[in-house]
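Letter by letter, the chains look like this.
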Amino acid sequence: GRFGFNLESGQALEAARKIAHSGGKLKLTGVHSHIGTFMLEPTAYRKAAVKLAGFYQKLKTELSQPMQYLDLGGGFASANKLKGVYLAGYIPSFDNYAEQICSALYEAFSPDEPPMLFLESGRALIDEAGYLISSAVGSKLLPTGKRALIIDAGVNLLYTSTWYDFKISPVKNDSHHCEDTILYGPLCMNIDIVRESCLLPNMSKGEKLVIWPVGAYNVTQWMQFIEMRPAVVMIKSDSSVKMIRRKETVDDINAMEME
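Our subject in this report is the structure included herewith. What you see is a predicted model; the values in this text were computed from it and never measured.

Our focus in this paragraph is the sheet that holds strand S7 (residues 179–184). A sheet is described by the order of its strands in space; here 6 strands give the open sequence S6-S9-S4-S5-S7-S8, paired in mixed fashion. One side of each edge strand has no neighbouring strand; the edge strands of this open sheet are strand S6 (167–170) and strand S8 (193–200). Averaged over all adjacent pairs, the angle separating strand axes in this sheet is 35°, with direction ignored. Pairing of strand S4 (residues 132–141) with strand S5 (residues 147–151), which is carried by 5 bridges, proceeds in the antiparallel orientation. By the bridge assignment, alanine 136 is partnered in S5 with isoleucine 151.

Rendered as structure tokens:
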């Protein structure tokens, strides 16, 4: 099923039994779990590893399946601040996650026959490597007295602003006076809010700011809507800069039209 088979109810075991009795048409070689997204408690992975290891051994010994690997999925947190969380708080390190997972597996398996372990650590590896540089296009004082800043990157480029409060940093601004600001994108939609509240100086049109971290799920979820999508560049380990995706053009938008 879309969300897998339930282990506690016996549903997963029943599915495995059907595979084992398929007359060789199917073979079960590994088991996979995904316990959540943005998991801040490493001990949850130990509990998952214990249960998955027990299930793995049952399939191998009782059902004689050619088991080879365990996949404990992803969900490892990055430095992104989830909305509704007052402070960013403590983000577990890879070592914290590894200690919980590996200690459980060392206890469950003999050293001579360990299964292969897969982890899906995309967000934790990539998220903090991504930055978006945007420019101010205007500002205004709202009737409530709150200042609004409009930038040239909105929810079309930052769909994940639905869940995260990104860190917003002016590139060059010597002003020490900051005030509570709502950050709008350029789209003609009232949902185009990059941040509901952040402290920013009064910025002039054309001044740039950096939005971080935007490395995970942004390019895969962004959309062409009103504004065309920008280029993506990579800063390499030797500090050289390489364009890895060019900016979008009108020809790109029209390319799929048949007439």
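On to the side chain of aspartate 127, then. With respect to the helices and strands, the residue aspartate 127 is situated in the loop between helix H4 (122–126) and S4. Arginine 123 provides the closest opposite charge to the buried, salt-bridge-free aspartate 127, at an N-O distance of 5.1 Å. Polar contacts involving the side chain of aspartate 127 include one to the side chain of serine 78, which spans 2.6 Å. A distance of 3.0 Å separates a polar atom in the side chain of aspartate 127 from a polar atom in the side chain of asparagine 80.

Applying the stated rule across the entire model yields 9 aromatic pairs. Between phenylalanine 38 and tyrosine 164, the aromatic rings sit 5.8 Å apart at their centres with planes inclined by 45°, giving tilted as the arrangement. One end of the pair, phenylalanine 38, is in the loop between strand S1 (30–32) and helix H2 (43–61); the other, tyrosine 164, is in the loop between S5 and S6, with 126 residues separating them in the sequence. Both residues of the pair, phenylalanine 38 and tyrosine 164, count as buried. Relative to phenylalanine 166, the ring of tyrosine 164 lies with its centre 6.4 Å away and its plane at 50°, an arrangement referred to as tilted. Among the residues examined, tyrosine 164 registers a relative accessible area of 5% and is labelled buried.

About the cut-offs
Residues numbered from 1 in each chain as written. Predicted model: local features only at pLDDT ≥ 70, side-chain atom pairs only at ≥ 80, totals over all residues. Heavy atoms only, no water. Pairing = 2+ DSSP bridges. Helix = DSSP H or I, 4+ residues; strand = E, 2+ residues; numbered from the N terminus. Axes fitted to C-alpha atoms, helices over the stretch in contact; angles between N-to-C directions. Buried < 20%, exposed > 50% of the residue type's maximum accessible area, 1.4 Å probe, protein only. Lys, Arg positive; Asp, Glu negative; His and termini not counted. Salt bridge = Lys/Arg side-chain N within 4 Å of Asp/Glu carboxyl O. Polar contact = N/O pair within 3.5 Å; in protein donor to acceptor, adjacent residues only side chain to side chain. Phe/Tyr/Trp six-rings, centres within 6.5 Å; stacked < 30°, edge-to-face > 60°.

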